[in-house]
Amino acid sequence: MVGFLRYLNSMKLLFTSIAILLSYIIDAQDIYFDQILDKNIRTVQMQNIVPIGSSPVLEFDFINGDGPYMIAKIVHCDWDWKKSIIFENEFMSVFNEFQLNDVEASSSAYIPYYHYRFTLPKVKMSGNYVLLVYDEDNPKKKYLQRRFSVFEDRIVVSGSSILSNVVRNRFTHQQIDFQFGYNNYEIQDPYQNLHAVVRKNQRWDNAKMNLKSSYINEANKVLKFNYFGGESSYSGGIEYRQVFFGRQQFNVDHFEKTNEGTHYYLREDINRSNMNYSDTPDNNGYFDIDSPYDADYSHVHFTLKSDKQPNDVYVFGQLSDWNLQSYCKMDYDSTSNKYEKTILLKNGEYDFAYALDNINKVDEVTLQGSHSETRNEYEILIYYRPFGKVY
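Reading the values: the criteria
Residues numbered from 1 in each chain as written. Predicted model: local features only at pLDDT ≥ 70, side-chain atom pairs only at ≥ 80, totals over all residues. Heavy atoms only, no water. Helix = DSSP H or I, 4+ residues; strand = E, 2+ residues; numbered from the N terminus. Rg over C-alpha atoms; globule rule 2.2 N^0.38 Å. Buried < 20%, exposed > 50% of the residue type's maximum accessible area, 1.4 Å probe, protein only. Contact = heavy atoms within 4.5 Å. Areas by Shrake-Rupley, 256 points an atom, 1.4 Å probe, with all protein chains shown as cover. Lys, Arg positive; Asp, Glu negative; His and termini not counted. Charge placed at Lys NZ, Arg CZ, Asp CG, Glu CD. Core = buried A, V, L, I, M, F, W, Y, C linked by side-chain atoms within 4.5 Å. Polar contact = N/O pair within 3.5 Å; in protein donor to acceptor, adjacent residues only side chain to side chain. Salt bridge = Lys/Arg side-chain N within 4 Å of Asp/Glu carboxyl O. Phe/Tyr/Trp six-rings, centres within 6.5 Å; stacked < 30°, edge-to-face > 60°. Lys NZ or Arg CZ within 6 Å of the ring centre and 35° of its normal. pLDDT = per-residue confidence, 0-100. Pairing = 2+ DSSP bridges. Axes fitted to C-alpha atoms, helices over the stretch in contact; angles between N-to-C directions. Patch = residues over 30% accessible without salt bridge, like charges linked within 9 Å, V, L, I, M, F, W, Y side chains within 5 Å.

Undergrad: Run through the overall build of the protein, naming residues and quoting values.
TA: A count of helices and strands for the protein gives two helices and 34 strands. A globule of 391 residues ought to have a C-alpha radius of gyration of about 21 Å, and the protein, at 22 Å, matches this closely. Its C-alpha atoms give the protein principal-axis dimensions of roughly 70 × 55 × 35 Å. Scored against the burial criterion, the 391 residues of the protein give a buried share of 54%. Partitioning the contacts of the protein with sequence separation of at least 6, the portion at a separation of at least 24 is 74%. Just so you have it, the protein exposes about 18200 Å², and 47% of that area is on carbon and sulfur atoms. Of the charged side chains in the protein, 40 are positive and 51 negative; the average position of the first set lies 4 Å away from that of the second.

Shown next as structure tokens:
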């Protein structure tokens, strides 16, 4: 089951939603992640949590050639994104194989592409799911996979975002405390059968998994999740850097039109780790495209003035699919003391950060800084499966 909350800021509740998402027994050890598995797949967008009865919509582009025929399939997962043993006919009302037929060629783009749009079928059960997209003629050729969750309205979760209880992190981190009552829903052995998950800014890559209740009030049937060791704390980060190019321009120094397309050169960035907090509006790392079919792709030049870092530096955000992508890895010029990278991006409005690869973990703090005042959105998900049950 999922209890579901969203927060904006470290202290301000944006809105509350009520939800339950049931959990399942699993028989596989592979964990699914969001992945783009073909370099020609770009600008992927899909909602990753919806109420039961709703259908997420997947959209993406295929560049460099004719758009191939693609097939989609849905996989049901347990709370920890391992494949469940639920049969397909238990969570699907139709045959679980779908052609991606809504494909349209770009109409006026200098760099041509095919835009794909697919409305997923409604599933019958709440839970975690993965959408797999692969080649129609060669099923072993996978293009991408996307996780999404479907929840039910069963319980009410209340919570707050406070300064961290860890003293050294009080001015850099945000702690999420929460609780819920279950008078109208029977929960057996919550320590074993219930799993709480917190994630920041709608991202699965930073989710804190399998949080356990710190206090159970059996008389009033209330579970509390209040921690003192940083278990539910996040670095606040800072508001994301932004750039607009195409329909409108912001943070662009100049642009050039060439035979290979338009080049946008951004204003030079600096290391913000020692700067005071600035409350500037952002989109929590996400992008907004000018047009699905008409917007062009452009060559966007990023420059960061910085001393050489001990680890590799990447341009990071939804534009990198929240991963440390090779095409976003920056090159260092020791003469000018600058990191530079050119990335092919679809025209629109983008949030981004500069992140370090800290032993395969994303470090968004070293070059960005972190403040407890930063505006962030948090979600709380509560999964439950009764002992001995499959669903």
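After that view of the structure, there is still more to cover.
Undergrad: With reference to specific residues and values, describe the nonpolar core.
TA: If you look at the biggest cluster of nonpolar residues, it comprises 27 residues, and the most contacted ones within it are Leu58, Phe60, Met70, Leu131 and Val133. With four residues, the top contributor of residues to this core is strand S15 (residues 142-151). With residues near it in sequence (within four places) discarded, Val133 still touches Leu58, Met70, Ile71, Ala72, Leu100, Lys142, Tyr143 and Leu144. The next biggest cluster of nonpolar side chains, apart from the first, holds 24 residues, and it includes Ile289, Val315, Cys328 and Tyr354.

Undergrad: Can you lay out the environment of Asp253 for me, pointing to particular residues and giving the numbers?
TA: Note that Asp253 resides in strand S24 (residues 252-258). Separated by 11 residues in sequence, Asp253 and Tyr264 have C-alpha atoms that sit 7.8 Å apart. At 2.7 Å, the side chain of Asp253 and the side chain of His254 are in polar contact.

Undergrad: Help me get a handle on the pattern of salt bridges, residues and values and all.
TA: Across all of its chains, the model carries 14 salt bridges by this definition. In this structure, Arg147 engages Asp34 in a salt bridge whose closest nitrogen and oxygen atoms are separated by 3.6 Å. Placement of the pair is Arg147 in strand S15 and Asp34 in the loop between strand S4 (26-31) and strand S5 (35-36), with a sequence separation of 113 residues. By relative accessible area, which is 7% here, Arg147 ends up buried.

Undergrad: Before we move on, can you summarise the side chain of Ser84 with the specific residues and values?
TA: Position of Ser84 relative to the elements: it lies in strand S10 (residues 82-84). Residue Ser84 is classed as buried on the basis of its relative accessible area, which comes to 1%. Polar side-chain contacts of Ser84 include one of 3.3 Å to the backbone nitrogen of Ile86.

Undergrad: Tell me about the environment of Ser291, and please be specific about residues and values.
TA: Among the structural elements, Ser291 can be located in the loop between strand S27 (287-289) and strand S28 (297-305). As for Ser291 and Lys346, which are separated by 55 residues in sequence, their C-alpha atoms are 9.1 Å apart. Dropping the residues within four chain positions of it, Ser291 is found in contact with Tyr113, Arg247 and Lys346.

Undergrad: Tell me what's going on with the packing of aromatic side chains, and back it up with residues and numbers.
TA: By the definition in use, this model includes 22 aromatic pairs. Their ring planes at 80° and their centres at 5.0 Å tell us that Trp81 and Trp204 sit as a pair that is edge-to-face. Linking Trp81 in the loop between strand S9 (70-77) and S10 with Trp204 in the loop between strand S18 (194-200) and strand S19 (208-211), this pair joins segments that are 123 residues apart in sequence. The pair Trp81 / Trp204 is uniform in exposure class, with both members buried. An angle of 35° between the planes, with centres 5.6 Å apart, marks the rings of Phe255 and Tyr264 as tilted. Phe255 gets classed as partly exposed once you look at its relative accessible area, which sits at 39%. A network of ring pairs unites the aromatic residues Phe245, Phe255, Tyr264, Phe287 and Tyr350 as a single cluster. Here the basic side chain of Arg199 rests over the ring of Trp204, its NZ or CZ set 4.7 Å away from the ring centre. The residue whose ring lies beneath Lys208 is Tyr234, and the NZ or CZ to ring-centre distance is 4.6 Å.

Undergrad: Report on the confidence of the model for the protein, specifying residues and quantitative values.
TA: Averaged over the protein, the pLDDT score is 90; the fraction of residues at 70 or greater is 93%. Ignoring residues within four places in sequence, the model shows residues 1-20, a span with pLDDT below 50, making 100 contacts including any to other chains. Below a pLDDT of 50 lies the segment residues 22-28, which in the model reaches 42 contacts outside its immediate sequence neighbourhood of four places, other chains included.

Undergrad: Any details on the sheet that holds strand S13 (residues 113-119)? Residues and values, ideally.
TA: Ordered by their spatial adjacency, four strands build an open sheet running S6-S8-S13-S12, and the pairing between neighbours is antiparallel. Of all strands in the sheet, those with a lone pairing partner are strand S6 (41-45) and strand S12 (103-105), marking the two edges. For this sheet, the mean angle separating the axes of adjacent strands, direction not counted, is 20°. Bridging between S6 and strand S8 (residues 57-63) involves three bridges; their strand directions are antiparallel. Bridging from a neighbouring strand, Gln45 pairs with Glu59 of S8.

Undergrad: Any chance you could break down a nonpolar patch on the surface for me, citing the residues and the numbers?
TA: Judged by side-chain polarity, Ile85, Val390 and Tyr391 come together as a nonpolar surface patch covering roughly 210 Å² of accessible area. Residue placement: Val390 occurs in the segment after strand S34 (378-384). Note on Val390: relative accessible area 37%, which makes it partly exposed.

Undergrad: Explain the environment of Val315 residue by residue, including any values.
TA: Residue placement: Val315 occurs in strand S29 (residues 313-316). The exposure class assigned to Val315 is buried, which follows from its relative accessible area of 0%. In the structure, Val315 is positioned 11 residues away from Leu304 in sequence and 9.9 Å away in space, judged by C-alpha atoms. When near neighbours in sequence (up to four residues on either side) are disregarded, Val315 contacts Phe302, Ser320, Cys328, Met330, Ile343, Phe352, Ala353 and Tyr354.

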